[in-house]
Amino acid sequence: MSEIHTDHSHDEHAHGEHAGLDKKKIWQVFGILLAITVIEFIIALVLIPGGHMPQHIGNFVYIALTLLKAFYIVAYFMHLKYEKVGLQVSLTVVFVFIFYFIVLMLIEGGYLHLHMPLV
Amino acid sequence: MSSLSQLDQVKTTPWSGGRSPWSVEYGKIMMWFFLVSDAFTFSSLLIYYGAQRFSKFTWPDPDLVFQSIPGITDSGAPLVFVGIMTFILIMSSVTMVLAVEAGHRRSKKEVVWWMIATIIGGLMFLGCQAAEWTHLFHEGFGWGKIPTMETLHHLFTGEVSTVSALQFSNLFFTITGFHGFHVFSGVIINIIILCMTINGTFEKRGHYLMVEKVGLYWHFVDLVWVFVFTFFYLV
């Protein structure tokens, strides 16, 4: 029993459990974030104005890339990837409400789009 | 083993009590929960913005609105300035993780330097935002204010809509303002933590958990900017 207790003593939070995010990994994640941003700029300044990509497809790509960036920030910088599954789940599942709200408001916006006077 | 003696056995699973099942310190869990609630606030603002934009036939074109680099050129450089701002914020996020990493090694000197770098990054971002706002104010934008029709013609690709321009103006200043307010509070908190680090408070405590908690907040601010950047400047 005592073994388990020392395992979870306060000291562990101070310097244990943090394996996995060394300096090399930090710069790697930075490189990924920078690369994604550069891709977004190429789409915004070259592909869409040049007519190589329609705006609505560009928007989907932007949102996908944004979510990818969000994943890297939350998983690595905010360290969530290395936390217990219970914490990961309780912090992410609540965003189901946000998805619901997005769907709701886009339907509302679409309705207004069709039914509002032209101004 | 009888069933009665099984009852007497002390359970050792993570959720049977006596220890933190997530093995995360209390303050850190509370920071996470605060950030989730803050994420809801930002989501609501951005979703309202999305719904407004979705309902309109035309909207100011970001490539045309954000063309200036304050102090260098007034037009002809679409999205360059916001690119610089994004880079500054990502960079300051990296220096923050490096401060946290140095904290794990309990290297006070490194924590101090990375925190200073993070604070400088935050201040640079705020400076850029102030410059951008000033430029937009000069163009005639503001809360409840839009530029003259003549100017608006240059900011729309299609037909001009004053209602869309007004919605854009109000939402832009409210959302980037709320984000800027978060950056500002983050800088203040970072300065407090820097003073505590220099003071040796965390050294005496034996851990740099406070740096981690502030780090969570700072990365969240960066995270929100990623979304603001996409929905105001790209889409």
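Parameters at a glance
- Residues numbered from 1 in each chain as written.
- Chains lettered and ligands numbered in written order.
- Predicted model: local features only at pLDDT ≥ 70, side-chain atom pairs only at ≥ 80, totals over all residues.
- Helix = DSSP H or I, 4+ residues; strand = E, 2+ residues; numbered from the N terminus.
- Rg over C-alpha atoms; globule rule 2.2 N^0.38 Å.
- Buried ≥ 20, exposed ≤ 12 C-beta atoms within 10 Å, placed from the backbone.
- Contact = placed C-beta atoms within 7 Å.
- Core = buried A, V, L, I, M, F, W, Y, C linked by C-beta atoms within 7 Å.
- UniProt positions renumbered as here; feature names shortened; annotations may be inferred.
- pLDDT = per-residue confidence, 0-100.
- Expected span 1.5 Å × (residues − 1).
- Nonpolar A, V, L, I, M, F, W, Y, C, P; charged D, E, K, R; others polar.

Here we come to the overall build of chain B. In terms of helices and strands, chain B carries 9 helices and 0 strands. Listing the helices and strands of chain B from first to last along the sequence gives α-α-α-α-α-α-α-α-α. Compactness check: chain B gives a C-alpha radius of gyration of 23 Å against a globular reference of 18 Å for 235 residues, more than 25% above the reference. If one aligns the C-alpha atoms of chain B with their principal axes, the spans along those axes are about 85 × 50 × 25 Å. In chain B, buried positions account for 37% of the 235 residues. In chain B, once contacts between residues fewer than 6 apart in sequence are set aside, the share between residues at least 24 apart is 72%.

Another point: the nonpolar core. Grouped burial of nonpolar side chains is what soluble globular proteins tend to show. The biggest cluster of nonpolar side chains holds 69 residues, and the ones touching the most others in it are Ala99(B), Val228(B) and Phe229(B). Of all the elements in the fold, those that place two or more residues in this core are α3 (23-47) and α4 (55-77) of chain A together with α2 (26-55), α4 (80-104), α5 (108-139), α7 (162-199) and α9 (209-234) of chain B. Per-element tally for this core: the top contributor is α9(B), with 17 residues. If sequence neighbours within four positions are ignored, Val228(B) has contacts with Ile175(B), Thr176(B) and His179(B).

The next point concerns the UniProt feature "transmembrane region" (unreviewed entry) in chain A. All names here are of chain A. In the numbering used here, UniProt assigns the "transmembrane region" (unreviewed entry) feature to residues 26-48, 60-79 and 85-107. The span residues 26-48 is 96% helical and 0% strand by assignment, and the distance between its end C-alpha atoms comes to 32 Å. Secondary structure over residues 60-79 splits into 90% helix and 0% strand, and the C-alpha atoms at its two ends are 27 Å apart.

This part is about the UniProt feature "transmembrane region" (unreviewed entry) in chain B. When the UniProt feature table is mapped onto this chain numbering, "transmembrane region" (unreviewed entry) sits at residues 29-51, 79-100, 112-133, 181-202 and 214-234 of chain B. Secondary structure across residues 214-234 of chain B comprises 100% helix and 0% strand; the distance between its end C-alpha atoms is 29 Å.

Residues and elements named next belong to chain B. Counting all residues, the mean pLDDT for chain B is 91, and 99% of those residues have values of 70 or more. Across chain B, element-level confidence peaks in α7 with a mean pLDDT of 95 and bottoms out in helix α1 (residues 3-8) with 71. Per the prediction output, this complex has pTM 0.87; the corresponding ipTM is 0.86.

Along its 26 residues, α9(B) runs 37 Å from first to last C-alpha, staying within 8% of the 38 Å computed at 1.5 Å per residue. Of all 26 residues in α9(B), 23 are buried; the element is thus mostly enclosed.

This brings us to the interface of chain A and chain B. Taken together, the contact between chain A and chain B spans 49 residues of the former and 44 residues of the latter. Every element with two or more residues in the side of chain A that touches chain B is listed here: α2 (11-15), α3, α4, α5 (85-92) and α6 (96-115) of chain A. Classifying every residue of the side of chain A that touches chain B gives 30 nonpolar, 11 polar and 8 charged.

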